[in-house]
Amino acid sequence: PLINADGIMERKAAKAKAEAIALQMERTKEHLTLEATKAYIQLELAYKTVIVREKTNVAGKANLKLIENYFGQGLLQKTDLLSMQVRMTEIENQLQYAKSNVHNASDYLSFLFNDINSTKVYRPVDDLTNLLELNNTAQSIPENRKDFLAMDKSIFAYENMLKSGKMKFLPRLNAFGSYELYDRNIIGTSAKSYLVGAQLSWNIFDGFKIIGKTKKSKADI
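Calculation rules
- Just so you know, the residues in each chain are numbered from 1, in the order the chain's sequence is written.
- A pLDDT threshold of at least 70 governs which residues receive local features in this predicted model, and a stricter bar of 80 or more applies before side-chain atom pairs are shown or counted, although totals over entire chains, interfaces and linings include all residues.
- Side-chain metrics rest on all non-hydrogen atoms present in the structure, leaving aside hydrogens and water.
- Strands are runs of DSSP state E lasting at least two residues, helices are runs of H or I lasting at least four, and both sets are numbered from the N terminus onward.
- Contacts are assigned to residue pairs with any non-hydrogen atoms lying within 4.5 Å of each other.
- The span you would expect from a helix comes to 1.5 Å times its residue count less one.
- Classification of residues uses two cut-offs on accessible area relative to the type maximum, computed with a 1.4 Å probe and protein chains only: under 20% is buried, over 50% is exposed, and between them is partly exposed.
- At least two DSSP bridges between two strands are needed for those strands to be called paired.
- To obtain each axis, a line is fitted to C-alpha atoms, and for helices this fit is confined to the stretch in contact; angles are then taken between N-to-C directions over 0 to 180 degrees.
- Comment on the angle field: the value is read as roughly parallel under 35 degrees, roughly antiparallel over 145, roughly perpendicular from 65 to 115, and oblique elsewhere.
- Two helices crossing with the near one rotated counterclockwise from the far one by less than a right angle form a left-handed crossing, whereas a clockwise rotation gives a right-handed crossing.
- Side-chain classes follow a simple rule in which Ala, Val, Leu, Ile, Met, Phe, Trp, Tyr, Cys and Pro form the nonpolar group, Asp, Glu, Lys and Arg form the charged group, and the remainder, Gly included, forms the polar group.
- Each nonpolar core is a collection of buried residues, namely Ala, Val, Leu, Ile, Met, Phe, Trp, Tyr and Cys, held together in the definition by side-chain atoms within 4.5 Å.
- The pairing test for Phe, Tyr and Trp rings, Trp by its six-membered ring, is centres within 6.5 Å, and the orientation test on the planes gives stacked under 30 degrees, edge-to-face over 60, and tilted for anything in between.
- A ring has a charge above it when a Lys NZ or an Arg CZ is no more than 6 Å from the ring centre and no more than 35 degrees off the ring normal.
- The working definition used for a salt bridge is a side-chain nitrogen of Lys or Arg within 4 Å of a carboxyl oxygen of Asp or Glu.
- Patch membership is restricted to residues that have no salt bridge and whose relative accessible area is over 30%. Joining uses 9 Å for like charges and 5 Å for the nonpolar side chains Val, Leu, Ile, Met, Phe, Trp and Tyr.
- Where accessible areas are quoted, they stem from the Shrake-Rupley method and a 1.4 Å probe; at the residue level, only the protein chains shown are allowed to cover.

What should I look at first to understand the side chain of Asn57 in this one?
On the secondary structure map, Asn57 appears in helix H1 (residues 5–72). With residues up to four places along the chain from it excluded, the contact list for Asn57 reads Met88, Ile91, Glu92 and Leu95.

Now the structure itself:
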C-alpha cells in the first residue's frame, strides 16, 4: 500500500483500542486487589465477631444459670426466666450467624482466587488493624484513573474510525510486483522476468454503504 488514507486511520484506531484494553486490564487488576483486600478484612471481622459472640454466649449461660437458681429460690417470676431463655436463644443464633459469616467470607475469597469448588475455611494470619486515614480521603474523583484513560483511548479510536470511513471516499494507490524464474534447475537463472507497477483504484459504487458506516461511527462516538 502506497496511499490508503482510510487504512492509516484504521491503524491509529486499532492502536488506540489496544491501549484502551491494556488500561482496562490494569484497572481490573486494581479492582481485584481492592476486592481481595475487602474480603480479607471481612474475614478478619467475621472471626472477631465470633470471638465476641462466644464470650457473650458464655456470659449468657452464666446469667441463665443464675436466673434459674433465683427462680428455684422463689426470688424471680416465671416471666423473668422465660425472658432470659429467649435472650439466650438470640445469643446462640447470633453466634451461629457469626460462624456462618466466616464461611461466607472464605467462600468469597475462594471465588476471587478462582477456586470456586473449594470448601476451605481461611483464617487470617495477622490481627485486624485500622489503617484508614480519613484526613487523606480524596475529595474528588481523579482524572488519571485507568478506566477513565481507557475511555479516552476508546473515544480516540472511534474518532479515527469515523475519519477512516470518510476517507474511504478517496482513491487508493497501491504498488505491485512479481519476479519469476524459468529454468529446469531450481537455482538456475538462465531465464527470468519481473513486473513492477502501481494501481490506482476508486470504488465509486460503495457510496451509500460508506455513508451508512460513517453514520454508525458517529452514533458509536
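Anyway, onward from the coordinates.
Hey, could you run me through helix H3 (residues 146–167) in this one?
An α-helical turn contains 3.6 residues, so a residue and the one three or four places further along point in the same direction. The end-to-end C-alpha distance of H3 is 31 Å, a good match for the 32 Å that 22 residues give at a rise of 1.5 Å each. Within H3 the residues assigned to the buried category are Asp147, Ala150, Ser154, Ala157, Asn160, Leu162, Ser164 and Gly165. Where H3 is buried, its residues contact H1 and helix H4 (207–220).

Sorry, what's going on with the pairing of strand E2 (residues 192–201) here?
Strand residues, when the strand is regular, have side chains that alternate between the two faces of the sheet. The element E2 is largely exposed, with a buried count of 0 among its 10 residues. Here strand E1 (residues 172–181) pairs with E2 via 10 bridges, running antiparallel. The partner of Leu173 across the bridge, within E2, is Leu200.

I'm lost on the packing of H3 against H4 in this one. Help?
Geometrically, a packed helix pair is captured by the angle between its two axes and the distance between the axes. At a minimum axis separation of 9 Å, H3 and H4 run at an interaxial angle of 165°. In terms of axis orientation, H3 runs roughly antiparallel to H4. Between H3 and H4 the crossing geometry is left-handed. Judged by residue contacts, Tyr158, Met161, Leu162, Gly165 and Lys166 of H3 engage Ile210, Thr214, Ser217, Lys218 and Asp220 from H4. Classifying every residue of the contact of H3 with H4 gives 4 nonpolar, 3 polar and 3 charged.

Sorry if this is basic, but what is going on with the nonpolar core here?
The tendency in soluble globular proteins is for nonpolar side chains to be buried as a group. The biggest cluster of nonpolar side chains holds 10 residues, and these are Ala39, Leu43, Ala46, Tyr47, Val50, Leu95, Ala98, Val102, Ala105 and Leu109. For this core, the secondary-structure elements that each account for two or more residues are H1 and helix H2 (78–112). Other than its neighbours up to four places away in sequence, Leu109 contacts Ala36, Ala39, Tyr40, Leu43 and Tyr122. Judged by nonpolar contacts, the second largest core, of 5 residues, contains Ile67, Leu81, Met84 and Met88.

Where do I start with the packing of aromatic side chains in this structure?
Here a ring pair, both rings aromatic, is described through the centre-centre distance and the interplanar angle of the planes. Under the defined criterion, the tally for this structure stands at 2 aromatic pairs. Ring centres of Phe113 and Tyr122 lie 5.8 Å apart, and the angle between their planes is 90°; this geometry places the pair in the edge-to-face category. A relative accessible area of 21% means that Tyr122 is categorised as partly exposed. The ring of Phe148 is capped by Arg145, whose NZ or CZ atom sits 4.3 Å from the centre of that ring.

What am I meant to see in the pattern of salt bridges here?
When the charged atoms of two side chains with opposite charge come close together, those side chains can pair. Within this structure, the stated rule accounts for 12 salt bridges. The closest approach of N and O atoms between Lys38 and Glu35, which form a salt bridge, is 3.3 Å. Placement of both Lys38 and Glu35 in helix H1 is noted, with a separation of 3 residues, approximately one turn of the helix. Looking at Lys38, the relative accessible area reads 39%, which means it is partly exposed. As a salt-bridge pair, Arg87 and Glu90 come within 3.3 Å of each other at their nearest N and O atoms. Taken together, the residues span about one helical turn, with Arg87 and Glu90 both in helix H2 at a distance of 3 residues. Among the charged side chains, a salt-bridge network with shared partners connects Arg27, Glu30, Arg145, Lys146 and Asp147.

What is the right way to look at a nonpolar patch on the surface in this model?
On the surface, Tyr179, Leu181, Tyr194 and Val196 cluster together into a nonpolar patch covering about 520 Å² of accessible area. Counting only elements with at least two residues in the nonpolar patch, the list comes to E1 and E2. Positionally, Tyr194 belongs in strand E2.

Explanation requested: the environment of Glu92 in the structure shown.
Structurally, Glu92 is set in helix H2. According to the relative accessible area criterion, Glu92 is partly exposed, its value standing at 36%. Sequence separation between Glu92 and Asn160 is 68 residues, and the spatial gap between their C-alpha atoms is 64 Å.

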